[in-house]
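The chain contents come next:
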Amino acid sequence: MRVVTTAQPLDVQPTPLALLLLGREADPKSERGVECPGDLPAPSDPDLVERARAAKEKLGDKVFVLGHHYQRDEVIEFADVTGDSFKLARDAAARPDAEYIVFCGVHFMAESADILTGDDQQVILPDLAAGCSMADMATAEQVAECWDVLTEAGVAEQVVPVSYMNSSADIKAFTGKHGGTICTSSNARRALDWAFEQGEKVLFLPDQHLGRNTAVRDMGMSLDDCVVYNPHKPNGGLTTEQLRNARMILWRGHCSVHGRFSLDSVNDVRARIPGVNVLVHPECKHEVVAAADQVGSTEYIIKALEAAPRGSKWAIGTELNLVRRLANRFAAEDKEVVFLDKTVCFCSTMNRIDLPHLVWTLESLADGKVVNRIEVDKETEHFAKLALERMLALP
């Protein structure tokens, strides 16, 4: 690109990051902007469904397909099991005879499956660009720098890291190495109870909202007990006094889907649908969670609707693929299920796993070619597994 000024022409070359964001370059070390090798079937191919069935049938018990709740319906159709990220990783570990684990989800989920499955099993992610914006908000380098800040403030020895399942293998390994545990949105309270038995403070990674909501809503802490560490500011944007006074040190990360719901969304849906029950995921902002009728994980949301009486009305604050699937499922029971926000929103990276990518993956495996394998190095796997095992041992 040539930029001309009144003084003198100046050549400006796009940075690698700019090219990456524009989709003109690939970075194999990133969860975003990565290209998959090989030729995908055309999305308009009318035979895609039959091709997927044929390839899956040919593979037989050699393949086990996992489908996260937020996946497209066309992908869920071919999943052997569905669930949230940790349930699926455990389901994979429970199938040691499956040579190939095809994880229809995002990168950190496939990493967790690789950590928990056997060395002879191969975990496949149909599209390497299916990442997670939340997981990307905490890198190993940033978290190591944060620990240095905590050390200089004289509080590191009092801090126990608790990392959300929605984090990279590197962050899980950091957590394991520093005596911490992993949590899910279902057991975050138990994980924090355990952590406060080990130390006086918690460093919660990478989702500030789940950490804050669990501490304040479920454990009775105050908002003043929480501070937010911003990795893009010197010392996280915090003073030594703030770090010493805080009980919860929250990483400045969030889910791009759940973070879009607002208090206005809640007020608006209550005005539009009298008698509606507002049910949101704990990754939503604190004011949204405080205004909701119920709060819970994806599994909780599904069970709540299963148990709901006929004729009840629900506004759900979570990813659109799941909400739409639940609306269709419960329509026959006269349960009205709507998306909490007027502006619909898919998880853009989760939505990258489509039928062409799945067909390409299954057909490649059926032909004996392993594509897009996700492997975690042994040292990272060791410490990440320590953190996961601590979670499994929670009462």
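Cut-off values and rules
- Residues numbered from 1 in each chain as written.
- Predicted model: local features only at pLDDT ≥ 70, side-chain atom pairs only at ≥ 80, totals over all residues.
- Heavy atoms only, no water.
- Helix = DSSP H or I, 4+ residues; strand = E, 2+ residues; numbered from the N terminus.
- Rg over C-alpha atoms; globule rule 2.2 N^0.38 Å.
- Buried < 20%, exposed > 50% of the residue type's maximum accessible area, 1.4 Å probe, protein only.
- Contact = heavy atoms within 4.5 Å.
- Lys, Arg positive; Asp, Glu negative; His and termini not counted.
- Charge placed at Lys NZ, Arg CZ, Asp CG, Glu CD.
- Axes fitted to C-alpha atoms, helices over the stretch in contact; angles between N-to-C directions.
- Parallel < 35°, antiparallel > 145°, perpendicular 65-115°, else oblique.
- Nonpolar A, V, L, I, M, F, W, Y, C, P; charged D, E, K, R; others polar.
- Phe/Tyr/Trp six-rings, centres within 6.5 Å; stacked < 30°, edge-to-face > 60°.
- Lys NZ or Arg CZ within 6 Å of the ring centre and 35° of its normal.
- Core = buried A, V, L, I, M, F, W, Y, C linked by side-chain atoms within 4.5 Å.
- Salt bridge = Lys/Arg side-chain N within 4 Å of Asp/Glu carboxyl O.
- Polar contact = N/O pair within 3.5 Å; in protein donor to acceptor, adjacent residues only side chain to side chain.
- Pairing = 2+ DSSP bridges.

Caption draft 1: Molecular detail of the overall build of the chain. If you tally the helices and strands in the chain, you get 17 helices and 16 strands. Against the compact-globule benchmark of 21 Å for 395 residues, the chain has a radius of gyration of 22 Å, which places it among compact chains. Across its three principal directions, the C-alpha atoms of the chain cover 65 × 65 × 60 Å. Counting only residues that meet the buried cut, the chain has 55% of its 395 residues in that class. The long-range fraction of contacts in the chain, counting pairs at least 24 apart against all pairs at least 6 apart in sequence, stands at 67%. The centroid of the 42 positive side-chain charges in the chain is displaced by 4 Å from the centroid of its 59 negative side-chain charges.

Caption draft 2: Inspection of the packing of helix 5 (residues 107-116) against helix 17 (residues 378-392) at higher detail. Between helix 5 and helix 17, the least distance of the axes is 10 Å, while the angle of their chain directions is 90 degrees. When the axis of helix 5 is compared with that of helix 17, the two are roughly perpendicular. Residue-level contacts link Asp114, Ile115 and Leu116 of helix 5 to Glu381, Ala384, Lys385 and Leu388 of helix 17. Partitioning the contact of helix 5 with helix 17 into residue classes produces four nonpolar, no polar and three charged.

Caption draft 3: The side chain of Asn351, seen in detail. As for its position among the elements, Asn351 is in the loop between strand 15 (336-339) and helix 16 (355-366). Judged by its relative accessible area of 15%, Asn351 is buried. Residues in contact with Asn351, not counting those within four places in the same chain, are Arg72, Asn321 and Phe346.

Caption draft 4: Seen up close, the packing of aromatic side chains. In the structure shown here, the tally under the stated rule is three aromatic pairs. Consider the rings of Tyr229 and Trp251, whose centres lie 5.3 Å apart with planes at 25 degrees: the pair is stacked. Taken as a pair, Tyr229 in strand 10 (residues 226-229) and Trp251 in strand 11 (residues 248-251) lie far apart in primary sequence, 22 residues in all. Classification of Trp251 as buried rests on a relative accessible area of 0%. Over the ring of Phe64 we find Arg95; its NZ or CZ atom is 4.2 Å from the centre of that ring.

Caption draft 5: Structural detail: the nonpolar core. Grouped together as the largest cluster of nonpolar side chains are 109 residues, with contacts concentrated most on Val102, Phe204, Met248, Val280 and Leu340. Looking at which element gives the most residues to this core, the answer is helix 16, with seven residues. Once residues lying within four places of it in the same chain are set aside, the contact partners of Val102 are Val63, Phe64, Val65, Leu66, Ile124, Pro126, Leu358, Thr361, Leu362 and Leu365. Counting 21 residues, the second largest nonpolar core, distinct from the first, contains Val143, Val149, Ile171 and Val227.

Caption draft 6: Inspection of the pattern of salt bridges at higher detail. The tally for this structure, following the rule as stated, stands at 20 salt bridges. Across the pair Lys62 and Glu99 runs a salt bridge whose closest N-O atoms are separated by 4.0 Å. One end of the pair, Lys62, is in the loop between helix 2 (48-59) and strand 3 (63-68); the other, Glu99, is in the loop between helix 4 (85-93) and strand 5 (100-104), and 37 residues separate them in sequence. Its relative accessible area of 30% is what places Glu99 among the partly exposed residues. When the shortest N-O distance is used, the salt bridge between Asp268 and Lys342 registers 3.6 Å. Within this pair, whereas Asp268 is found in helix 12 (residues 263-272), its partner Lys342 is found in the loop between strand 15 and helix 16, the two being separated by 74 residues in sequence. Residues joined by salt bridges that share partners form a network here, namely Asp45, Arg51 and Glu363.

Caption draft 7: Focus on helix 5. Of all ten residues making up helix 5, ten are buried, and the element is well covered by its neighbours. Listing the buried residues of helix 5 in full gives His107, Phe108, Met109, Ala110, Glu111, Ser112, Ala113, Asp114, Ile115 and Leu116.

Caption draft 8: Focus on the side chain of Asn230. Inspection of the secondary structure assignment puts Asn230 in the loop between strand 10 and helix 11 (240-245). Residue Asn230 is classed as buried on the basis of its relative accessible area, which comes to 9%. Side-chain polar atoms of Asn230 contact the backbone nitrogen of His232, separated by 2.9 Å. In this view, Asn230 contacts Gly236, Gly237 and Arg252; residues no more than four positions away in its chain are not counted.

Caption draft 9: Here's a closer look at the sheet that holds strand 9 (residues 201-205). Strand order in the open sheet made by the five strands is 8-7-9-11-10, with parallel pairing throughout. Two strands close off the open sheet at either side, each with one partner strand: strand 8 (181-183) and strand 10. Averaged over all neighbouring strand pairs, the angle between strand axes comes to 25 degrees, with direction disregarded. Two elements, strand 7 (residues 159-164) and strand 8, share three bridges in a ladder whose sense is parallel. Following the sheet pairing, Val162 is matched in strand 8 by Thr181. With respect to the sheet, helix 9 (residues 188-198) is in contact with strand 7, strand 8, strand 9 and strand 11, its orientation differing from that of strand 7 by roughly 165 degrees.

Caption draft 10: Quick peek at the packing of helix 7 (residues 140-152) against helix 8 (residues 169-177). Their axes nearest at 9 Å, the elements helix 7 and helix 8 cross at an angle of 25 degrees. If you check the angle between helix 7 and helix 8, you find them roughly parallel. Counting all contacts with helix 7, which are made through Ala140, Val143 and Trp147, the residues of helix 8 involved are Asp170, Ile171 and Phe174. The class makeup of the residues in the contact of helix 7 with helix 8 is five nonpolar, no polar and one charged.

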